[in-house]
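Each chain is listed here by its residues.
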Amino acid sequence: MIDLFPLARPFLHRMDPEDAHGLTLKLLGAGLVPPVPVPPLPRLATHIVGRDLPHPLGLSAGFDKNARAFFNFPTLGVSFGEIGGVTPLPQIGNPRPRLFRLTEDRAVINRMGFNNDGMEAVAARFAAKKRPDQVVGVNLASNADSTDPADDFVRLARRFADKADFLTLDISCPNTANGKMFLSPGPLRDLLDRLAALFASGVRRPPLVAKIAPDIDDAGLDAVLAVLLEKGIDALTLSNTTLARPDGLKSPQKDERGGLSGLPLFGLSTEILAKVFRRTRGSLPLIGVGGIASGADAYAKIKAGASALQLYSALVYDGPWAVRRILIELDALLARDGHTRLTDAVGIEA
């Protein structure tokens, strides 16, 4: 098999980014994306959210907001993924254009605003197509105009609890009015208490993951971590997109409003990953996200404390065969350094 993405990329990159993404989802959902041949790499086996994975590389939330193609995630070579973000009610999101390629920087800016079909439509698709052998989580978010955002999360958790392998609480999105309110300890504690009451009532409790942005300061991070640890969060995703604009961005799109992802996010997201690993003394499994485009990037995240990884922007620039390349490179780096298991390298440079 050969990688056809270099032939498709010029066509896709002439399209509006959101239209190109929509076309990609349709092709993936229809089974028209050729499968990525990932070889067996037993050194890369890992464990996250209660599941054993053949390798650590998964697909980030935002790729399949509405559960239209997730059942074909394995075609891309990833070992797990997330759908969403999903809100209780359908939401159109922010006005277009709201997704921008920063080609010169291998980056993306989005201000999508959690556009999605709402939990009833997404849950129906998810239940109809979810396979037991897949590891797929659901990214939860509140509606932008909600008067009780915590209740939104509770409603979503109730709806997806018996379907998802894990639930991610997106408490740090920069693109909606209340997307970051739960980075305050009081609202966060209230949210987690309400979720605990839901699960105490007999609703199945899947593993809970919290997603944190890299823009939080040290005092805020310590306060949030204290609440999350106290309330028994199961894992953390580090990190969300950033509102910062690192020096050196070259693209004319660099000043667009929204969250920045891709290569320029790598340093910021890896720094907060290592910081959280140190502060939690490795007691929480961490999912590293942000700027992964090579085996060296993946290895740096693992050495900073990640037990699993997610990517998205790399697919925009390199296509799905990036997954195969990253995994083969990562395996070679682990072997070079004498590691027989990926888990032996987690956090060794945090």
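Up top is the structure.
All of these numbers come straight from a predicted model, not from anything done at the bench.

How would you summarise the overall build of the chain if you had to cite specific residues and measurements?
Looking only at helices and strands, the chain features 10 helices and 13 strands. Here the C-alpha atoms of the chain give a radius of gyration of 19 Å, agreeing with the 20 Å that 2.2 N^0.38 yields for 350 residues. If you line up the chain on its principal axes, its C-alpha atoms span 50 × 45 × 45 Å. Here the chain holds 350 residues, and the buried ones make up 58% of them. Intrachain contacts of the chain at a sequence separation of at least 6 include 75% that bridge at least 24 residues.

An account of the packing of helix α8 (residues 295-304) against helix α10 (residues 321-336) is requested, with residue identities and associated values reported.
At a closest axis distance of 7 Å, the pairing of α8 and α10 adopts a crossing angle of 60°. Judged by the inter-axis angle, α8 sits oblique to α10. Crossing angle aside, the handedness with which α8 passes α10 is right-handed. Of α10, the residues touching α8 (which contributes Gly295, Ala296, Ala298, Tyr299 and Ile302) are Ile326, Glu329, Leu330, Leu333, Leu334 and Arg336. A per-class count over the contact of α8 with α10 returns 8 nonpolar, 1 polar and 2 charged.

Tell me about the pattern of salt bridges, and name the residues and values.
If you walk through the whole model with that rule in mind, you get 28 salt bridges. Measuring nitrogen to oxygen at the nearest pair gives 2.6 Å for the salt bridge that ties Arg51 to Asp165. Placement of Arg51 in strand β2 (residues 51-53) and of Asp165 in the loop between α4 (149-160) and β8 (167-170) is noted, with a sequence separation of 114 residues between them. What makes Arg51 partly exposed here is its relative accessible area of 22%.

With reference to specific residues and values, describe the nonpolar core.
Among the nonpolar cores identified, the biggest contains 80 residues, and Phe126, Val138, Leu140, Phe160, Leu228 and Leu236 are the most heavily contacted of them. Setting aside residues up to four positions removed in sequence, Phe126 forms contacts with Ala67, Phe70, Ile83, Val136, Val138, Phe160, Lys163 and Ala164. Within the second largest apolar cluster, 11 residues are counted, among which are Ile48, Leu53, Ala235 and Ala308.

I'd like a description of the pairing of β8, backed by residues and values.
Alternating positions in β8 separate into two faces, Leu167 and Leu169 on one and Thr168 and Asp170 on the other, with burial throughout. Strand direction decides the pairing type here: strand β7 (residues 136-140) and β8, joined by 3 bridges, are parallel. Within β8, the position partnered with Val138 by the bridge is Leu167. In this region the chain leaves β7, passes through α4 and returns to the parallel neighbour β8; the handedness of that crossover is right-handed. Summarising the sheet, β8 and strand β9 (residues 208-212) pair through 4 bridges and their orientation is parallel. Paired with Asp170 across the two strands is Lys211, which belongs to β9. This β-α-β element, β8 to helix α5 (residues 185-200) to β9, shows right-handed connectivity.

Pulling in residues and values, what's your account of the pairing of strand β10 (residues 235-238)?
Neither face of β10 is open: one carries Ala235 and Thr237, the other Leu236 and Leu238, and all of them are buried. Pairing of β9 with β10, which is carried by 4 bridges, proceeds in the parallel orientation. By the bridge assignment, Ala210 is partnered in β10 with Leu236. Regarding topology, helix α6 (residues 218-230) serves as the crossover connection from β9 to the parallel β10, and that connection is right-handed. Relative to strand β12 (residues 286-289), β10 runs parallel, the two being bridged by 3 bridges. When the bridges of β12 are listed, Thr237 appears paired with Ile287.

Residue-level account of α10, with values.
One turn of the α-helix equals 3.6 residues, which is why residues spaced by three or four share an orientation. The end-to-end C-alpha distance of α10, which contains 16 residues, comes to 23 Å, matching closely the 22 Å that a straight helix rising 1.5 Å per residue would cover. Here α10 has its buried residues at Trp321, Ala322, Val323, Ile326, Leu327, Leu330, Asp331, Leu333 and Leu334. Positive backbone phi, approximately 80°, marks Gly338, located one or two places after α10.

Outline the packing of aromatic side chains, supporting the account with residue identities and numerical values.
Working definition: an aromatic ring pair is given by the centre-to-centre distance plus the angle between the planes. Under the counting rule described, the total for this entry stands at 7 aromatic pairs. Their ring planes at 80° and their centres at 5.6 Å tell us that Phe63 and Tyr312 sit as a pair that is edge-to-face. Here the residue Phe63 occupies a position in the loop between β3 (57-59) and β4 (81-86), and Tyr312 occupies one in the loop between β13 (308-311) and α9 (313-318), the gap between them amounting to 249 residues. Here Phe70 and Phe126 contribute two aromatic rings whose centre-to-centre distance is 4.9 Å and whose plane-to-plane angle is 45°, an arrangement assigned as tilted.

An account of the sheet that holds strand β11 (residues 259-262) is needed here, citing residue identities and associated values.
The strand order across the open sheet built from 3 strands is β5-β6-β11, with neighbouring strands paired in antiparallel fashion. On the outer flanks of this sheet lie β5 (99-102) and β11, each paired with one strand and no other. Strand after strand, the sheet turns through a mean of 25° between neighbouring axes, direction not considered. Sheet topology places strand β6 (residues 107-110) next to β11; 4 bridges connect them, and they run antiparallel. Within β11, the position partnered with Ala107 by the bridge is Gly262.

Conventions adopted
- Residues numbered from 1 in each chain as written.
- Predicted model: local features only at pLDDT ≥ 70, side-chain atom pairs only at ≥ 80, totals over all residues.
- Heavy atoms only, no water.
- Helix = DSSP H or I, 4+ residues; strand = E, 2+ residues; numbered from the N terminus.
- Rg over C-alpha atoms; globule rule 2.2 N^0.38 Å.
- Buried < 20%, exposed > 50% of the residue type's maximum accessible area, 1.4 Å probe, protein only.
- Contact = heavy atoms within 4.5 Å.
- Axes fitted to C-alpha atoms, helices over the stretch in contact; angles between N-to-C directions.
- Parallel < 35°, antiparallel > 145°, perpendicular 65-115°, else oblique.
- Left-handed = near helix turned anticlockwise from the far one by under 90°.
- Nonpolar A, V, L, I, M, F, W, Y, C, P; charged D, E, K, R; others polar.
- Salt bridge = Lys/Arg side-chain N within 4 Å of Asp/Glu carboxyl O.
- Core = buried A, V, L, I, M, F, W, Y, C linked by side-chain atoms within 4.5 Å.
- Pairing = 2+ DSSP bridges.
- Right-handed = clockwise from strand over helix to strand, strands pointing away.
- Expected span 1.5 Å × (residues − 1).
- Phe/Tyr/Trp six-rings, centres within 6.5 Å; stacked < 30°, edge-to-face > 60°.

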